[in-house]
Protein chains: 2
Amino acid sequence: MSDSRPIGIFDSGIGGLTVVHEVFRQLPDESVVYFGDTARVPYGTKSAQSVQRFAMQDAMFLLKYNVKMIVVACHTASAIALNLLCDQLSLPVFGVTEPGGKAALKQTRNGKIGVIGTRGTIHSKAYDRYMNALHPDIFLMTQPCPLFVPLAEEGWMDTDVTERIAQIYLSSMKRAGIDTLILGCTHYPLLKGVIQQVMGSDVILIDSAEETVRSVKQVLQKKQMNNPGQRKPIHRFFVSDIPDQFQEIGERFLGCTLSPVEQVDMEVIEMLKISKISSMKIE
Amino acid sequence: MSDSRPIGIFDSGIGGLTVVHEVFRQLPDESVVYFGDTARVPYGTKSAQSVQRFAMQDAMFLLKYNVKMIVVACHTASAIALNLLCDQLSLPVFGVTEPGGKAALKQTRNGKIGVIGTRGTIHSKAYDRYMNALHPDIFLMTQPCPLFVPLAEEGWMDTDVTERIAQIYLSSMKRAGIDTLILGCTHYPLLKGVIQQVMGSDVILIDSAEETVRSVKQVLQKKQMNNPGQRKPIHRFFVSDIPDQFQEIGERFLGCTLSPVEQVDMEVIEMLKISKISSMKIE
């Protein structure tokens, strides 16, 4: 048994390319169809209602490309829309919240875990719910860091300003003595250096991309859904808008040259009405 | 002759409320219909194609409320989509680029003018075109400041971090000796204090909201389109998404309590197809 269909991955923008990078590393035979909703980015500052609507349209766009599963590579969409997607779609859907949370629970030594993310992710309390259900006695501390995304997009990875902002955002967590910190946004691994420096070298940073693709790999093997690998995988990258710096930022995320990116007409995305989803269920 | 219809104002988000604030001050008899496209904010990082599409949909939404004119309160949309809107719509359309540019040309003493704005605004070169056409010998220096919007939204108006970032962005302009600086983004007046401090008290800061509404007032008087003022003006505020902090940030912009805001279903906006515009021309 095998399944040569591609893995569908979406994100609010290009941050989800960190997940694509991990697929290339851990699952080199798999094809990927990626959609980045760059016309409506960011999701982290939008309401739950809007994020759910966007996430559903993004998933439905990927279904058109006959994907065998969907990875929600956006932390905000994972935190806010994963249940809805799992409920509405009849194919495996993976988020980035649970794999990151699980890894943190495994790694912590003192039971004090921190989560940083967008306002949307933190206010959703998705990490609190997931981790308290598994370990009610865990001490969980969360902090929105709205300036981290624009800092990463500006390319200010290790300036004095970035360090100062990280000190402001992370000071309570540091004082509370957390020993494990979940980087709950796809952009944050780009600031790993400065975050590690501010938190100290003893604190373990959890990058959810790696953990998420590890879960995907396990499920593919268990369900015998791997690509048999007889043909070279084919990757396609779609975005809803191509801003000036797309190529530059994308290659920073992917750590390699970005293959041609296709721009989707927003009208195609907007026509994917949520009300029509129930009749579009696929097995 | 008079015209009691409301003035339509749109912005990518809530920054355009600075223009509404000026209408309240300079034209207290006028009614306002405001639309903030908070579901797709920001425009400053998006492509020209997307900004034009969004701006056209925003304008068409306002037309449904029988507005007598449209003010594009978003600098990015003004810079990129104003010509398109003026071309397609048969009612007066005002942007924020020209009034700010005109005011700067009037105020400068040494002929050296700076413009700061989003990447979209700066890359469009709208200010360069407008000001060089009027005064080819003007020295114009432009600088995108992508972190200013998130800093203002975070409420970090006068922190040491904001000052340091302003120093980084503004250092070349300061060295070049510009004596007039256009705040080419609706969010930037919130950072006026720190910008003035970094540039020095001799540099004149141009806030386009005030200048734009002054132009609107002149045209209303010239065309005898003022509201006769027999009835109390009625204001309506629409947004495409209501994020958590909307009320707080909105009141910071308006400088007063925000009247009830109505959320528009995004499907209504998305259904306003540009291809249908020509048949919707109004006089």
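This structure is a prediction, so every number in the text was calculated from the model and none was measured.

Analysis parameters
Residues numbered from 1 in each chain as written. Chains lettered and ligands numbered in written order. Predicted model: local features only at pLDDT ≥ 70, side-chain atom pairs only at ≥ 80, totals over all residues. Heavy atoms only, no water. Helix = DSSP H or I, 4+ residues; strand = E, 2+ residues; numbered from the N terminus. Rg over C-alpha atoms; globule rule 2.2 N^0.38 Å. Contact = heavy atoms within 4.5 Å. Phe/Tyr/Trp six-rings, centres within 6.5 Å; stacked < 30°, edge-to-face > 60°. Buried < 20%, exposed > 50% of the residue type's maximum accessible area, 1.4 Å probe, protein only. Lys NZ or Arg CZ within 6 Å of the ring centre and 35° of its normal. Lys, Arg positive; Asp, Glu negative; His and termini not counted. Salt bridge = Lys/Arg side-chain N within 4 Å of Asp/Glu carboxyl O. Polar contact = N/O pair within 3.5 Å; in protein donor to acceptor, adjacent residues only side chain to side chain. Pairing = 2+ DSSP bridges. Axes fitted to C-alpha atoms, helices over the stretch in contact; angles between N-to-C directions. Buried area = accessible area lost by both parts, 1.4 Å probe. Nonpolar A, V, L, I, M, F, W, Y, C, P; charged D, E, K, R; others polar. Least-squares fit on C-alpha atoms with pLDDT ≥ 70 in both. Right-handed = clockwise from strand over helix to strand, strands pointing away. Parallel < 35°, antiparallel > 145°, perpendicular 65-115°, else oblique. Left-handed = near helix turned anticlockwise from the far one by under 90°. Domains from an automatic or database assignment.

Moving on: the overall build of chain A. Per the secondary structure count, chain A includes 12 helices and 10 strands. Its C-alpha atoms give chain A a radius of gyration of 18 Å, within 12% of the compact-globule value 19 Å for 283 residues. Nonlocal contacts in chain A, meaning residues at least 24 apart in sequence, comprise 77% of its contacts between residues at least 6 apart.

On to the packing of aromatic side chains, then. Scanning the entire structure with this criterion turns up 18 aromatic pairs over all chains. Taken together, a centroid distance of 5.2 Å and an interplanar angle of 55 degrees make the contact between Phe61 of chain B and Tyr65 of chain B tilted. Ring centres of Tyr65 of chain B and Phe238 of chain B lie 4.8 Å apart, and the angle between their planes is 35 degrees; this geometry places the pair in the tilted category. Taken as a pair, Tyr65 of chain B in the loop between helix H2 (48-63) and strand E3 (69-72) and Phe238 of chain B in strand E9 (residues 236-239) lie far apart in primary sequence, 173 residues in all. Tyr65 of chain B gets classed as partly exposed once you look at its relative accessible area, which sits at 25%. Geometry around Phe139 of chain A places Lys112 of chain A over its ring, the cationic atom sitting 6.0 Å from the centre.

Let us look at the side chain of Asp11 of chain B. Residue and element names in this part refer to chain B. Mapped onto the secondary structure, Asp11 falls in strand E1 (residues 7-11). Notably, Asp11 is buried but unbridged: the nearest opposite-charge side chain belongs to Arg40, and the N-O separation is 12 Å. There is a polar contact of 3.0 Å between the side chain of Asp11 and the backbone nitrogen of Gly15. Setting aside anything within four residues of it in sequence, one finds Asp11 in contact with Gly16, Tyr34, Phe35, Gly36, Asp37, Ala73, Cys74 and Thr186.

What follows concerns the sheet that holds strand E5 (residues 112-117) of chain B. Hydrogen bonding along the main chain pairs the strands of a sheet, whether they run parallel or antiparallel. Residue and element names in this part refer to chain B. The strand order E6-E5-E7-E8 describes an open sheet built from 4 strands, whose pairing is parallel. Two strands in the sheet have a free side with no partner beyond their single neighbour: strand E6 (139-144) and strand E8 (204-207). On average, each strand axis in the sheet is inclined to that of its neighbour by 20 degrees, with strand direction left out of account. Both E5 and E6 contribute to a ladder of 6 bridges, which runs parallel. Opposite Gly114, over in E6, you have Met141 as the bridge partner. Relative to E8, helix H10 (residues 208-222) is tilted by about 55 degrees, and along the sheet it contacts strand E7 (180-184) and E8.

Here we take up the pattern of salt bridges. All told, the structure shown has 24 salt bridges over all chains when counted by the stated rule. Note that Arg164 of chain A and Asp160 of chain B form a salt bridge whose closest N and O atoms lie 2.9 Å from each other. One end of the pair, Arg164 of chain A, is in helix H8 (residues 160-176); the other, Asp160 of chain B, is in helix H8 (residues 160-176), on a second chain. Overall, Arg164 of chain A belongs to the partly exposed group, its relative accessible area being 32%. On the basis of relative accessible area, Asp160 of chain B is assigned to the partly exposed category, the value being 43%.

Tallying the contact residues gives 38 residues for chain A and 38 residues for chain B. Summed over both sides, the interface of chain A with chain B buries roughly 3,100 Å², with 52% coming from carbon and sulfur. Run the count over chain A and chain B and you get 6 salt bridges. Where chain A touches chain B, the interface holds 17 residue pairs in polar contact (both at pLDDT 80 or more). Looking at the side of chain A that touches chain B, the elements that each hand over two or more residues are helix H2 (48-63), helix H5 (119-124), helix H7 (148-154), H8 and helix H12 (266-270) of chain A. Of all the elements, H8 of chain A adds the most residues to the side of chain A that touches chain B, at 6 residues. A breakdown of the residues in the side of chain A that touches chain B according to their chemical character gives 16 nonpolar, 10 polar and 12 charged.

Once that is clear, we can look at the relation of the copies chain A and chain B. Overlay of chain A on chain B (RMSD 0.0 Å): rotation 180 degrees, translation along the axis 0.0 Å. The relationship between the two copies is best expressed as a two-fold rotation axis. When C-alpha positions in chain A are compared against the rotation axis, the closest is assigned to Arg40 of chain A, at 2.4 Å. Interface residue correspondence from chain A to chain B reaches 100%, placing this contact among same-surface, isologous pairings.

The subject of this paragraph is the side chain of Glu211 of chain A. Residue and element names in this part refer to chain A. Looking at the element boundaries, Glu211 is found in helix H10 (residues 208-222). Among the residues examined, Glu211 registers a relative accessible area of 16% and is labelled buried. Once you skip the residues sitting within four places of it in the chain, Glu211 turns out to touch Pro99, Gly100, Ala103 and Ile206.

Moving on, we come to the pairing of strand E3 (residues 69-72) of chain A. Residue and element names in this part refer to chain A. Side chains Met69 and Val71 project from E3 onto one buried face, and the interleaved Ile70 and Val72 project onto a second face that is buried too. As paired strands, E3 and strand E4 (residues 93-94) are joined by 2 bridges and run parallel to one another. When the sheet's bridge partners are listed, Val71 is paired in E4 with Phe94. For the segment spanning E3, helix H3 (residues 75-88) and E4, crossover handedness is right-handed.

Residue and element names in this part refer to chain B. The contact between helix H1 (residues 17-26) and helix H11 (residues 246-254) brings their axes to 8 Å, and the two run at 45 degrees. Between H1 and H11, the angle is such that the two are oblique. In this structure, H1 crosses over H11, and the sense of that crossing is right-handed. Residue-level inspection shows Leu17, Thr18, Val20 and His21 of H1 in contact with H11, the latter providing Gly250, Phe253 and Leu254.

Attention now goes to the domain arrangement of chain A. How big an interface is tends to be stated in terms of accessible area lost as the parts join. Residue and element names in this part refer to chain A. Here chain A is partitioned into domain 1 (7-95 + 210-280) and domain 2 (97-208). Computed from C-alpha atoms alone, the centre-to-centre distance between domain 1 and domain 2 is 23 Å. Counting residues at the interface gives 20 residues for domain 1 and 25 residues for domain 2. Between domain 1 and domain 2, a total of about 1,700 Å² is buried, with carbon and sulfur atoms accounting for 58% of that surface. Looking only at domain 1, the three residues that lose the most surface to domain 2 are His75, Glu211 and Arg252, adding up to 34% of its buried area. Along the contact surface separating domain 1 from domain 2 lie 0 salt bridges. Inspection of the region where domain 1 meets domain 2 yields 9 residue pairs in polar contact (both at pLDDT 80 or more). Considering each element in turn, the side of domain 1 that touches domain 2 owes the most residues, 5 residues, to H3.

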